[in-house]
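As a plain string of letters, each chain reads:
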There are 2 protein chains.
Amino acid sequence: MAAMTESELYDPARFPAFAVTVDLVVLTVRDSRLSALLIRRGEEPYAGRTALPGGFVRPAESLGQAARRELAEETGLADLPVHLEQLATYGTVDRDPRMRVVSVAYLALAPDLPAPTAGGDAADAHWVAVADVLPELFPAAQNRAEGHPPFAFDHARILADGVERARAKLEYTPLAAAFCPPEFTVGELRRVYEAVWGVTLDPRNFHRKVTGTPGYVRPAGGTTTRQGGRPAQLFTRGDVTLLNPPMLRPA
Amino acid sequence: MAAMTESELYDPARFPAFAVTVDLVVLTVRDSRLSALLIRRGEEPYAGRTALPGGFVRPAESLGQAARRELAEETGLADLPVHLEQLATYGTVDRDPRMRVVSVAYLALAPDLPAPTAGGDAADAHWVAVADVLPELFPAAQNRAEGHPPFAFDHARILADGVERARAKLEYTPLAAAFCPPEFTVGELRRVYEAVWGVTLDPRNFHRKVTGTPGYVRPAGGTTTRQGGRPAQLFTRGDVTLLNPPMLRPA
DNA sequence: ATCATATATCGTCCTACTGACGATAAATAG
DNA sequence: CTATTTATCGTCAGTAGGACGATATATGAT
């Protein structure tokens with residue numbers, strides 16, 4: 001039995017080839033709303049449907065390299081300080097009607113970009129508020145229950161998985177700062193949590209929590225009045241990778 | 001540009017095929033030690049090296065189905081009540097010298113099995129204490145620093161990633177019970193945490209924590225004296241999927 | 001039988017963290 | 001000049017968690 005399994009392993013004819021793609025869940029916070037970078041498909045299958053940016057992995061690049069390349073192509077900006085991590089891999093038999101495709105999804109968290117869709121391939125990419133396309137992820141908001149356009153492939157699930165991953169990571173890592181510019185205020189950081197989690201947080205307790213968690217943020221020296229009201233101190237990202245104690249989502 | 005990308009997408013000749021495999025990180029707790037199911041490779045490449053069980057994904061099965069099939073083949077026991085979840089996907093260009101292989105790793109958590117390696121393909125599979133092959137994951141133990149056999153491919157990293165996933169999941173999910181038989185004692189559950197995290201926990205505080213977390217465990221009615229000492233109450237798994245409050249690893 | 005030992009379980013004390021919320025500071029809008 | 005907005009500091013009570021004492025009930029040794 002074991003020998004037969006080994007012979008099967010090494011016989012490429014018995015194990016047909018797969019196409020491998022990367023799909024990107026690129027999230028940002030715009031106007032206090034969690035938003036995703038989405039495209040509209042121009043060709044079959046699923047022509048006209050909303051989809052995640054992505055593409056085939058090339059023979060000479062690793063999965064992570066493919067994800068970074070696609071990200072640079074779709075956002076039109078290379079070498080961005082965006083956080084990129086693998087999300088999950090999707091390999092249902094008939095998720096693509098043309099051939100057997102295994103898709104490795106990546107999650108990217110970006111600050112609100114100055115030129116969101118400037119580049120070439122990014123011509124048809126645009127930011128969409130997640131609450132408008134997946135309202136079930138924001139039960140607190142009054143869901144207008146509008147019929148939003150269906151997604152291509154299993155991209156609705158991938159996007160939902162990416163949002164859930166981001167929500168979980170905000171709890172115990174300092175990744176919320178990845179949604180902010182290099183210098184940010186406590187209020188801006190709080191609005192990130194509120195947008196991603198779909199909740200409202202007490203500004204006073206949040207301020208105490210952030211400034212009291214060692215290594216989360218470091219004073220940058222200046223102040224700003226970007227948001228109106230009393231000027232707020234500017235901070236930069238700290239150096240910890242794990243928040244202790246963690247930020248807890250309200251039950 | 002966008003049109004050219006689309007034409008690339010649909011031209012199978014320009015995007016060569018990948019082989020797709022699943023690799024399994026199967027963990028259990030035996031004799032109070034975290035152990036993994038490992039095999040010894042019989043053929044090149046990496047003949048003689050230690051490796052994770054796994055194999056090629058078949059054309060008609062999904063990734064999860066392939067993982068369950070391999071698990072059944074390797075453990076020799078089908079329909080086991082083991083927890084199985086996707087871990088991560090590894091796709092470095094030259095991780096396999098024969099061809100371009102993308103491997104989707106799965107994490108399985110099992111109670112100590114009565115017949116660990118009974119089945120056919122499982123002839124050369126055996127349980128190995130993780131601390132013996134990856135001592136750097138257990139800095140608290142006095143590392144005997146023995147040269148352990150090197151792993152095939154990138155399986156050392158995959159195993160390490162699986163252990164780290166398991167460690168994290170014990171904190172905020174009731175998955176520790178997946179290492180226990182259907183009925184277990186608080187002490188047995190504590191030894192799971194101690195084995196996986198590589199720490200010692202205060203039995204009194206642990207008992208208070210577990211019995212005080214709503215939905216984690218439910219009294220089964222009987223008692224047992226499996227471990228010697230005063231008889232302990234038996235419990236079964238509760239119905240929550242998220243522990244609140246979570247079990248916290250000692251800093 | 002008695003004692004040593006091992007495990008299980010309950011309780012106490014103290015500190016840290018958190019949620020609810022009052023109060024003050026400093027900008028802008030009218 | 002006043003209302004409004006955002007930022008920041010404090011207070012207070014309830015909860016959770018680490019350290020650890022005390023007791024209960026089994027097995028194994030003498």
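In the block above lies the structure referred to throughout.
Let me sum up the structure you'll find in this document. (Residues numbered from 1 in each chain as written. Chains lettered and ligands numbered in written order. Predicted model: local features only at pLDDT ≥ 70, side-chain atom pairs only at ≥ 80, totals over all residues. Heavy atoms only, no water.)

### A closer look at the protein's contact with DNA strand D
Close to DNA strand D lie 23 residues; R204(A), Q233(A), R204(B), R208(B) and K209(B) are nearest. What you see for DNA strand D is that sugar and phosphate hold 50% of its atoms within 4 Å of the protein. Side-chain polar atom of R230(A) to a base nitrogen of DNA strand D: 3.2 Å apart, as the coordinates give it. Between DNA strand D and N205(B), the relevant distance is 3.0 Å, taken from a base nitrogen to a side-chain nitrogen or oxygen of the residue. By residue number, the principal contributor to the surface near DNA strand D is helix α6 (residues 203-212) of chain B, which donates 4 residues. Among the residues making up the surface near DNA strand D, the classes are represented as 5 nonpolar, 8 polar and 10 charged. (Near = heavy atom within 4 Å. Polar contact = N/O pair within 3.5 Å; in protein donor to acceptor, adjacent residues only side chain to side chain. Helix = DSSP H or I, 4+ residues; strand = E, 2+ residues; numbered from the N terminus. Nonpolar A, V, L, I, M, F, W, Y, C, P; charged D, E, K, R; others polar.)

### Comments concerning the side chain of H155(B)
Residue and element names in this part refer to chain B. Of note, H155 is situated in helix α4 (residues 155-172). Take H155: its relative accessible area is 3%, and that puts it in the buried class. A distance of 3.3 Å separates a polar atom in the side chain of H155 from a polar atom in the side chain of D23. Setting aside residues no more than four positions away along its own chain, H155 makes contact with D23, A51, L52 and R95. (Buried < 20%, exposed > 50% of the residue type's maximum accessible area, 1.4 Å probe, protein only. Contact = heavy atoms within 4.5 Å.)

### Describing the pattern of salt bridges
Residues and elements named next belong to chain B. Following the criterion strictly, the structure yields 28 salt bridges over all chains and no others. In this structure, the salt-bridge partner of E85 is R165, at a minimum N-O distance of 2.8 Å. Highlighted residues: E85 in strand β5 (residues 83-90) and R165 in helix α4, separated in sequence by 80 residues. Accessibility expressed as a relative area gives 10% for E85, which makes it buried. Across the pair R249 and E171 runs a salt bridge whose closest N-O atoms are separated by 3.4 Å. Of this pair, R249 sits in the segment after β9 (232-237) while E171 sits in helix α4, placing them 78 residues apart in sequence. On the accessibility criterion, E171 (18% relative accessible area) is buried. (Salt bridge = Lys/Arg side-chain N within 4 Å of Asp/Glu carboxyl O.)

### Notes on the packing of aromatic side chains
Residue and element names in this part refer to chain A. Applying the stated rule across the entire model yields 6 aromatic pairs over all chains. Relative to F206, the ring of Y193 lies with its centre 5.4 Å away and its plane at 65°, an arrangement referred to as edge-to-face. Here the residue Y193 occupies a position in helix α5 (residues 186-197), and F206 occupies one in helix α6 (residues 203-212), the gap between them amounting to 13 residues. We note that Y193, like F206, is buried. Taken together, the aromatic side chains of Y193, W197 and F206 make up a single cluster linked through ring pairs. (Phe/Tyr/Trp six-rings, centres within 6.5 Å; stacked < 30°, edge-to-face > 60°.)

### Some words on the pairing of strand β6 (residues 101-109) of chain A
Consecutive side chains of a regular strand alternate in pointing toward one face of the sheet and then the other. For β6(A), the buried fraction is high: 9 of the 9 residues fall into the buried class. Of the two faces of β6(A), both are covered, the one formed by V101(A), S103(A), A105(A), L107(A) and L109(A) as well as the one formed by V102(A), V104(A), Y106(A) and A108(A).

### Structural notes on the packing of α5(A) against α6(A)
Residues and elements named next belong to chain A. Interaxial distance between α5 and α6 falls to 10 Å at its minimum, and their mutual angle equals 105°. Taken together, the axes of α5 and α6 are roughly perpendicular relative to one another. From α5, V186, L189, R190 and Y193 reach across to α6, where they touch P203, F206, H207, V210 and T211. In the contact of α5 with α6, the residues fall into 6 nonpolar, 2 polar and 1 charged. (Axes fitted to C-alpha atoms, helices over the stretch in contact; angles between N-to-C directions. Parallel < 35°, antiparallel > 145°, perpendicular 65-115°, else oblique.)

### Quick word on the protein's contact with DNA strand C
The full set close to DNA strand C counts 23 residues, and R204(A), R208(A), K209(A), R204(B) and Q233(B) are the nearest of them. In DNA strand C, atoms within 4 Å of the protein come 48% from sugar and phosphate. Between DNA strand C and K209(A), the relevant distance is 2.8 Å, taken from a phosphate oxygen to a side-chain nitrogen or oxygen of the residue. Those elements that place two or more of their residues in the surface near DNA strand C are α6 of chain A together with α5 (186-197), α6 and β9 of chain B. The element that contributes the greatest number of residues to the surface near DNA strand C is α6(A), accounting for 4 residues. Grouping the constituent residues of the surface near DNA strand C by class yields 4 nonpolar, 9 polar and 10 charged.

### Let's talk about the side chain of T50(A)
All names here are of chain A. As for its position among the elements, T50 is in strand β3 (residues 50-51). Residue classification places T50 among the buried residues on the basis of a relative accessible area of 10%. Not counting the four nearest positions on each side in its chain, T50 is found in contact with L38, I39, P149, P150, F151 and A152.

### As for the nonpolar core
By size, the foremost hydrophobic cluster in this structure holds 50 residues, and its most contacted members are V20(A), Y106(A), V20(B) and Y106(B). Excluding residues that lie within four positions of it along the chain, Y106(A) makes contacts with V22(A), D23(A), L24(A), V25(A), L63(A), G64(A), A67(A), L84(A), E85(A), Q86(A) and L87(A). (Core = buried A, V, L, I, M, F, W, Y, C linked by side-chain atoms within 4.5 Å.)

### Focus on α5(A)
Residues and elements named next belong to chain A. Here α5 is 12 residues long and its end C-alpha atoms lie 16 Å apart, about the 16 Å a rise of 1.5 Å per residue gives. Burial in α5 covers these residues: V186, G187, E188, L189, R190, V192, Y193, E194, A195, V196 and W197. Residues of α5 that are buried make contact with β1 (19-30), β2 (33-40), α4 (155-172), α6, β8 (217-224) and β9 (232-237). Downstream of α5 by a residue or two, G198 has a phi angle that is positive, lying close to 70°. (Expected span 1.5 Å × (residues − 1).)

### Description of a nonpolar patch on the surface
There is a patch of nonpolar side chains on the surface, built from Y172(A), L242(A), Y172(B) and L242(B) and spanning about 400 Å² of accessible area. Looking at where L242(B) falls in the secondary structure, it is placed in the segment after β9. (Patch = residues over 30% accessible without salt bridge, like charges linked within 9 Å, V, L, I, M, F, W, Y side chains within 5 Å. Areas by Shrake-Rupley, 256 points an atom, 1.4 Å probe, with all protein chains shown as cover.)

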